Amino acid sequence: MRPVARRLAGALGAALVLAVAVPPLAGAAGWAATAVLGPSVRCPAPLQRSGLTCAATPPITAHRGAYALIVEMRVAGTRRACVGISVATRTVAGLNQACAAPGRLARLVERLGASDAAGLRIAVFLTSGSSSRPIAPQRGPVAQRVGLRLLAP
Amino acid sequence: MRVAVATCAGDDVDVDSPLLLDALAGVGITAELAVWDDPSVEWDRVDLTLVRSTWDYAPRRDEFLAWARARRRIANRAEILEYSTDKHYLADLAARGHPVVPSHFCDRGERPDVPDGPFVVKPTVGAGSIDVTRYRSDEVTAARAHVARLHAAGRDALIQPYLESVDTRGEHALVFIGGAFSHAMTKGAMLNVDGGARTALFRRERMSVTTPDPDARAVAERVLADPRFDDLLYARVDLLASDEGWLILELELAEPSLFLTHVPDAARRLARAVRSTLEA
């Protein structure tokens, strides 16, 4: 196994926006309104001495009806950064990751059904960004700031 | 302390892994996901190999078991993995007096004998619901063809009646960690979910945390009370309700999903159990 730190050498200064959006009402345009999940967090979290998850939500009920989970990450540092998300509801669970180059926006969209409304849990963690290895949380060498917001009806 | 959490390559992701790795780090264990058949992994550098999501072993079970036997320390033990990865263990459990779903094993060279009513054909070695199909009583020809395909691929078949209770009461999955009951889930009928409902990154199951029926828990605890299972780090017992009481559908001791995303405390329990194992 290769050292984790070597694979994480690029994780600097990423900003992440985590959003849940629902389809517009009939006749309306655009996505529905937002709710803030929490203030921006650091990844790893401040004073974090153990654990690999930067931020995790308690179970929430996000919406009524089908919706899409949108994750946006903008890297403010000078190196490419990658963040993973774990999404679980009462009916689905999944992992994904997004990487972004400095100054660029990365976006993930996961479409979820009406049956996935309740019990939504989201966790955010740093990843290596490897597409050939399983998505897994990694320990980052340098703290980075992560914004976490929830868009909900 | 270093632990390799064994998984598989590809898109069949283990959604429990971030929680587990986080929990292991929380108890002071350096852990990393490692693909079980990745030749670049240096298994000797870890104190324990924890088998978790090696879901692609079925077509290469012999290779998988050889890999497990070669590990200096692995959980669950290689002998347990061998036992649990071939559903012939259901016959062993039945012979020991445990209630199991009626199971007709149709090994290579044998003709299938199907029960009255709807039934299920599955390979005796398989992970998840791959190659598992439910048939109506008027679909015997298709079922026999299914068995023939399994035989042609060098696989034995298992035929079980489809218990209608799975549609109404679901399937109970009781998870045990470090020898103690941890939590229980009610699983909807996976066989009623069309393939399109499953994507590479998302496991879609009708799933909820439940308080297990005391009789179901008693059945599971009796099975695991067997001295052969004294040192299990994790176990899952899947049960179905029937007119005769709770019946064991599967005894998952190799690579069961533990549904940690539904019960995050269970990840911490497993991490503590791993640490206890390493300190023993």
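Above: the structure in question.
Residues numbered from 1 in each chain as written. Chains lettered and ligands numbered in written order. Predicted model: local features only at pLDDT ≥ 70, side-chain atom pairs only at ≥ 80, totals over all residues. Heavy atoms only, no water.

1. Let's talk about the interface of chain A and chain B
Here is the rule we go by: Two residues qualify as a contact provided that any one of their heavy atoms is within 4.5 Å of a heavy atom in the partner residue. By convention, the term buried area covers the 1.4 Å-probe accessible surface removed from two parts as they join, with the contributions of both added. Salt bridge criterion: a side-chain nitrogen from Lys or Arg within 4 Å of a carboxyl oxygen from Asp or Glu. A helix here means a DSSP run of H or I that spans at least four residues, while a strand means a run of E at least two residues long, and both kinds are numbered starting from the N terminus. For this classification, the nonpolar set comprises Ala, Val, Leu, Ile, Met, Phe, Trp, Tyr, Cys and Pro, the charged set comprises Asp, Glu, Lys and Arg, and every other residue, Gly included, is treated as polar.
Counting from both sides, the interface comprises 31 residues of chain A and, opposite them, 32 residues of chain B. Summed over both sides, the interface of chain A with chain B buries roughly 2500 Å², with 57% coming from carbon and sulfur. Between Arg133(A) and Asp38(B) there is a salt bridge, with its nearest N and O atoms 3.3 Å apart. Put simply, the parts of the chain that give the side of chain A that touches chain B at least two residues each are α1 (4-7), β5 (81-88), β6 (92-100), β7 (105-112) and β8 (121-126) of chain A. Top element by residues in the side of chain A that touches chain B is β6(A). It accounts for 5 residues. For the side of chain A that touches chain B, the residue count by class is 14 nonpolar, 9 polar and 8 charged.

2. Topic: the environment of Ser40(B)
The following threshold applies: In the analysis that follows, any N or O atom pair within 3.5 Å is treated as a polar contact, provided that within protein one partner can donate a hydrogen and the other can accept it, and provided that, for residues neighboring in sequence, both atoms belong to side chains.
By secondary structure assignment, the location of Ser40(B) is in the loop between β2 (30-35) and β3 (48-53). Of the polar contacts made by the side chain of Ser40(B), one reaches the side chain of Asp38(B); its length is 2.8 Å.

3. Quick word on the pairing of β5(A)
Put simply, side chains in a regular strand alternate between the two faces of the sheet. Residue and element names in this part refer to chain A. Cut-off, in case you're wondering: Exposure is judged per residue with a 1.4 Å probe applied to protein chains only, and the accessible area is read against the type maximum: over 50% gives exposed, under 20% gives buried, and values in between give partly exposed. Strands are labelled as partners when DSSP assigns at least two bridges between them.
Of all the 8 residues making up β5, 8 are buried; the element is thus mostly covered by neighbouring parts of the structure. Residues Ala81, Val83, Ile85 and Val87 line one face of β5 and the alternating positions Cys82, Gly84, Ser86 and Ala88 line the opposite face, and both faces are buried. Pairing between β5 and β6: 8 bridges, direction antiparallel. Looking at the pairing, alanine 81 lines up with alanine 100 of β6.

By themselves, these are just geometric observations and shouldn't be taken as functional.
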